[in-house]
Each structure stands twice: as structure tokens, then as C-alpha cells.
Amino acid sequence: MKISITVNGTEQDADVEPRTLLVYFLREHLGLKGTNVGCDTTSCGACTVLLDGESVKSCTVLAVQADGGEVTTIEGLATDAGLHPVQQAFHENHALQCGYCTPGFVMASVSLLKENPNPSEEEIRLGLEGNLCRCTGYHNILKAVQAAARAGA
Amino acid sequence: MIPAAFDYARAASIDEAIELLGREDSKVLAGGHSLLPLLKLRFARPSLLVDIGRLDDLRYVREDGDRIGIGALSRHADLALDPILAQGCGLLARTAGNVGDPQVRHRGTIGGSVAHSDPASDVATILLTLDADFVAHGPDGERTIPAADFFTGPFETALGPQELLTEIVVPKVEGGRYLKHVRRQQDWATVAVAAVRLNGDVHVGLAAMGATPLRARAVEQAVAGGAAPADAAAHAAEGAEPPSDFAGSAEYRAHLAQVLTRQALEQI
């Protein structure tokens with residue numbers, strides 16, 4: 001089926017099988033390997049991207065469902081001026097260890113701060129409950145999101 | 001995991017969706033957050049997915065006297081923040097805000113959730129407890145299915161193969177509690193209990209205590225007869241056939257149902 005999705009600001013036209021998951025469209029059709037596949041069961045959040053501005057788990061969205069929509073991946077955050085404030089905050093607060101969950105955490109954090117620019121600690125923890133980190137990095141992730149909120153991300 | 005191949009059609013209207021559902025082995029796709037996991041595990045292998053995700057007319061919350069109509073495509077995230085629902089049926093709004101996680105709530109819909117008919121579903125248990133009405137459209141027109149008749153088995157409902165759930169109607173109600181025991185934050189309920197006062201009666205519903213969400217009728221009758229919460233709650237598992245699985249044995253679930261029912265009755 002022919003689809004057209006705007007990914008990181010660029011319109012992408014493609015002919016995909018209806019069963020193509022959005023995450024595989026991003027990784028394999030477009031070569032955007034920043035979005036990781038973790039659990040593949042809507043649990044871990046590693047594959048989180050923004051669809052029309054909101055966080056979604058791209059392992060549980062069909063590419064055909066995103067037809068006509070706008071997707072932002074981790075590759076779409078930084079600009080020529082530098083890292084996105086959430087990326088910068090993750091960097092400065094050492095909010096990652098192995099890094100596998102990080103693209104998903106960053107995208108979920110961007111979505112959270114868009115919906116709630118000044119979240120409390122509890123609101124951050126609940127807002128990121130759909131993302132798992134197995135290096136036990138939650139404490140520094142929390143600090144990073146608080147720092148990004150202060151920076152006006 | 002990749003689903004088995006299927007055909008895909010995007011419905012532009014309710015009527016077109018009904019027509020498309022006339023094809024054998026077709027399934028409705030709304031937000032996909034119950035269906036896609038089944039497709040990936042190949043528990044479901046439909047030949048055609050009828051995507052109703054663009055039927056924006058089915059996304060609404062409307063007051064109608066002492067009842068509230070909810071479009072079947074309303075997402076959990078929409079319901080969690082809806083001012084009409086927060087005011088008129090806060091129990092459902094709060095429950096919608098606790099489904100899954102933010103990403104799931106951005107995609108999952110109330111209609112998809114109940115049509116999927118998981119016996120452990122939070123939203124389905126609340127709707128059964130509230131005696132909600134389910135409005136369906138099919139080739140023969142519109143009909144309303146009471147909640148007591150809607151959930152017919154695990155992953156089965158009273159909806160016909162060519163019927164589309166379009167609206168859910170709930171009564172306005174104040175207060176109410178939904179107490180859920182989970183092993184981990186995002187797990188399905190091991191057991192959950194809903195309790196609410198409605199038109200002078202106490203309604204009690206149970207999740208994950210049988211093949212469908214259940215009403216704890218024996219508890220309701222005991223409360224109506226003047227029993228104290230602890231005494232009424234002793235009847236919580238009567239008539240239920242809870243499963244035994246990794247989350248807990250049938251005996252443990254029966255115990256949990258009694259504990260949570262007592263707590264819920266004490267808190268409403």
C-alpha cells in the first residue's frame with residue numbers, strides 16, 4: 001500500500017505491506033536506526049517516537065496507520081545549533097549507561113514536557129512509566145528531565 | 001515479531017466500515033493496542049483489517065441529561081483529561097488515566113478496549129459496574145446492548161461480525177473506587193474491584209475473576225440487606241471461577257477479591 005509520512009520534517013513516500021510496523025518502516029525502509037526495538041510487546045518503550053506530536057510505541061503502530069501523519073524520531077531532535085535540550089540534559093546528568101533505552105526515554109520525555117512543562121517528581125516518574133531502563137538509571141533520568149524542564153525544553 | 005499478512009482497508013464512514021466487515025475473517029482496527037499484539041503473536045490471523053481510525057466523528061464526550069455519551073474512538077488519554085467526564089463520571093476518567101502508560105493511552109481507545117473483551121480489563125470492569133450501554137451499528141441498523149449482555153466470554157462480546165461499536169453511554173455518578181492488585185505497575189490486574197453508589201444501590205464489579213468482567217451480585221445483595229463491608233465482602237468470590245496462572249492461584253484471587261471488596265466498600 002502506498003503511504004506518505006513526514007519523518008523528521010521530510011515527506012517520505014513508500015509502498016509497504018500493510019503488516020509493516022512503524023518501527024521497521026523507520027529502521028529498515030528509511031535507515032533511521034536510532035529507534036530501537038526492545039521488547040517488541042508494547043512494554044519497554046525503547047521504540048518510542050512522536051506521532052503527530054505525541055509519544056507512541058512504534059512497535060505497536062502499523063506504518064499504514066501513520067499514513068499522512070508526522071513522525072519525529074531521535075534523529076529529528078538535534079539541530080545545527082546543537083542537541084535538543086532534553087538530549088543535552090541527558091548528557092549532562094549522565095542519564096544513560098548502555099544507551100539502548102535512551103532514544104525512547106528522550107522521546108517520551110519530550111512528549112511529557114510538551115504536555116506538562118513543569119512536572120513534579122511524581123509526574124515525571126508516572127509520565128515515564130512506559131519506558132524501562134535495565135541499567136537502573138531512573139534516578140539520573142529523573143534529574144535530566146527536571147533539568148530539561150528548567151531549561152524550558 | 002511480524003504479523004501474518006493481511007489486507008487493509010481504511011473506512012471513510014461507519015457505513016463503509018460495516019460493508020467492509022462483511023468479508024469473512026475481517027477485524028476492526030481502532031488504536032490497535034489490543035489487536036496488534038494478538039496479530040504479532042499470531043493468536044489472531046484476520047484476512048482483512050478494517051481501519052476505523054480516521055472516523056473522527058466517533059471521538060467525543062457528550063452530556064445527555066443524567067447520562068454521558070462517549071464516542072467509541074475516544075482515546076484513553078482524551079478521556080483522562082475530559083472535563084465533562086471528570087465532572088460527571090470521575091471513576092471512569094481516573095481509570096482511563098491509569099490504563100497502560102502514556103504511549104498506550106495516546107493510541108488505545110475505549111471502544112477497542114471493550115470490544116477486545118479481556119476479562120482483566122479495567123475499563124470493561126468499570127463499564128459493567130456502571131451498567132453502561134453499548135451502541136452498535138450493523139447492516140440492520142442501530143441497537144443498544146446493555147453491559148450485562150455485552151461481555152460473553154474471554155475475548156468475546158455480543159457484537160456480531162458485521163457490527164461496529166460506536167458509542168458507550170454511562171450514567172453520571174459521583175465517587176466510586178477502583179482498587180487493583182498488580183505485581184508490577186503496568187501489569188494486567190491480578191484482581192481488581194470496582195465499587196460505586198448508583199441510584200441508591202451499591203454496584204460491585206470484579207476484574208480477572210472469571211471468563212469476563214463480573215458483577216459481585218452476592219456482595220451487592222448483602223449490602224442492600226444492610227451487611228457491613230467486611231461481612232458483605234466475604235461473598236466477593238461467590239459464583240466466580242477465577243483462573244490460576246503466573247500472577248496467582250484461584251484461591252489467592254478469591255482471597256484478594258474479598259480483601260479489595262472490603263476496602264472498596266469502606267471507601268465509597
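Residues numbered from 1 in each chain as written. Chains lettered and ligands numbered in written order. Predicted model: local features only at pLDDT ≥ 70, side-chain atom pairs only at ≥ 80, totals over all residues.

K.L.:
Would you mind going over the overall build of chain A with me for this structure?
P.N.:
Counting secondary structure elements, chain A contains five helices and five strands. Counting helices and strands in the order they occur from the N terminus, chain A gives β-β-α-β-β-β-α-α-α-α. For chain A, the C-alpha radius of gyration of 15 Å lies close to 15 Å, the compact-globule estimate for 153 residues. Counting only C-alpha atoms, chain A reaches 45 × 30 × 25 Å along its principal axes. For chain A, the proportion of its 153 residues judged to be buried stands at 48%. Partitioning the intrachain contacts of chain A with sequence separation of at least 6 by distance along the chain shows that 59% fall at a separation of at least 24. (Helix = DSSP H or I, 4+ residues; strand = E, 2+ residues; numbered from the N terminus. Rg over C-alpha atoms; globule rule 2.2 N^0.38 Å. Buried ≥ 20, exposed ≤ 12 C-beta atoms within 10 Å, placed from the backbone. Contact = placed C-beta atoms within 7 Å.)

K.L.:
Explain the sheet that holds strand β10 (residues 164–171) of chain B here, please?
P.N.:
Sheets are built from strands that pair by backbone hydrogen bonding, the pairs being arranged parallel or antiparallel. Residues and elements named next belong to chain B. Read from one edge to the other, the open sheet built from five strands follows the order β4-β5-β10-β6-β7, with strand pairing classed as antiparallel. Where the open sheet ends on each side, the last strands, each with one partner, are β4 (61–64) and β7 (141–146). Strand-to-strand twist across the sheet, computed as the mean angle between neighbouring axes with direction ignored, equals 25°. Inspection of the sheet shows strand β6 (residues 133–138) paired to β10 by five bridges, in the antiparallel sense. (Pairing = 2+ DSSP bridges. Axes fitted to C-alpha atoms, helices over the stretch in contact; angles between N-to-C directions.)

K.L.:
Would you take a moment to explain the environment of glutamine 258 of chain B for this structure?
P.N.:
Residues and elements named next belong to chain B. Assignment of secondary structure puts glutamine 258 in helix α12 (residues 250–267). Owing to 21 C-beta atoms within 10 Å, glutamine 258 belongs among the buried residues under this scheme. When the C-alpha positions of glutamine 258 and alanine 237 are compared, they lie 6.9 Å apart, and in sequence the two are 21 residues distant. Setting aside its immediate chain neighbours within four residues, glutamine 258 contacts Ala233, Ala234, Ala236 and Ala237.

K.L.:
Could you clarify how one ought to interpret the interface of chain B and chain A in this entry?
P.N.:
Each partner contributes residues to the interface: chain B has 22 residues there, and chain A has 25 residues. Where the side of chain B that touches chain A is concerned, the elements lending two or more residues are β1 (7–10), α2 (35–40), β3 (48–51) and α6 (102–107) of chain B. No other element matches the five residues that α6 of chain B contributes to the side of chain B that touches chain A.

K.L.:
Where do I start with the domain arrangement of chain B in this structure?
P.N.:
Often, the extent of an interface is quoted as the loss of accessible area on bringing the components together. Residues and elements named next belong to chain B. When its domains are assigned, chain B resolves into domain 1 (1–174) and domain 2 (177–267). For domain 1 versus domain 2, the distance between C-alpha centres works out to 24 Å. Contacts between the two partners involve 21 residues from domain 1 and, on the opposite side, 20 residues from domain 2. Put simply, the parts of the chain that give the side of domain 1 that touches domain 2 at least two residues each are α5 (90–96), α8 (122–129) and β8 (151–153). Looking at the side of domain 1 that touches domain 2, its residues break down into eleven nonpolar, eight polar and two charged. (Domains from an automatic or database assignment. Nonpolar A, V, L, I, M, F, W, Y, C, P; charged D, E, K, R; others polar.)

K.L.:
Would you mind showing me how to read the pairing of β4 of chain B here?
P.N.:
Side chains on a regular strand alternate between the two faces of the sheet. Residue and element names in this part refer to chain B. As paired elements, β4 and strand β5 (residues 67–71) share four bridges and run antiparallel to each other. Opposite arginine 62, over in β5, you have glycine 69 as the bridge partner. Count of turn residues in the β4/β5 antiparallel hairpin: two residues, of which glycine 65 carries a positive phi of about 65°.

K.L.:
Looking at this structure, I do not really get the sheet that holds strand β2 (residues 10–15) of chain A. What am I missing?
P.N.:
Residue and element names in this part refer to chain A. Sheet architecture is open: five strands sit in the order β2-β1-β5-β3-β4, paired in mixed fashion. Whereas interior strands pair on both sides, the edge strands pair on one side only; in this sheet they are β2 and β4 (54–57). In this sheet, neighbouring strand axes are inclined to one another by 40° on average, regardless of whether the strands run parallel or antiparallel. Sheet topology places strand β3 (residues 48–51) next to strand β5 (residues 70–72); two bridges connect them, and they run antiparallel. Note on β5: the bridge partner recorded for leucine 51 is valine 71. Helix-sheet contacts for helix α3 (residues 102–115) involve β3 and β4, and the interaxial angle to β3 is about 35°.

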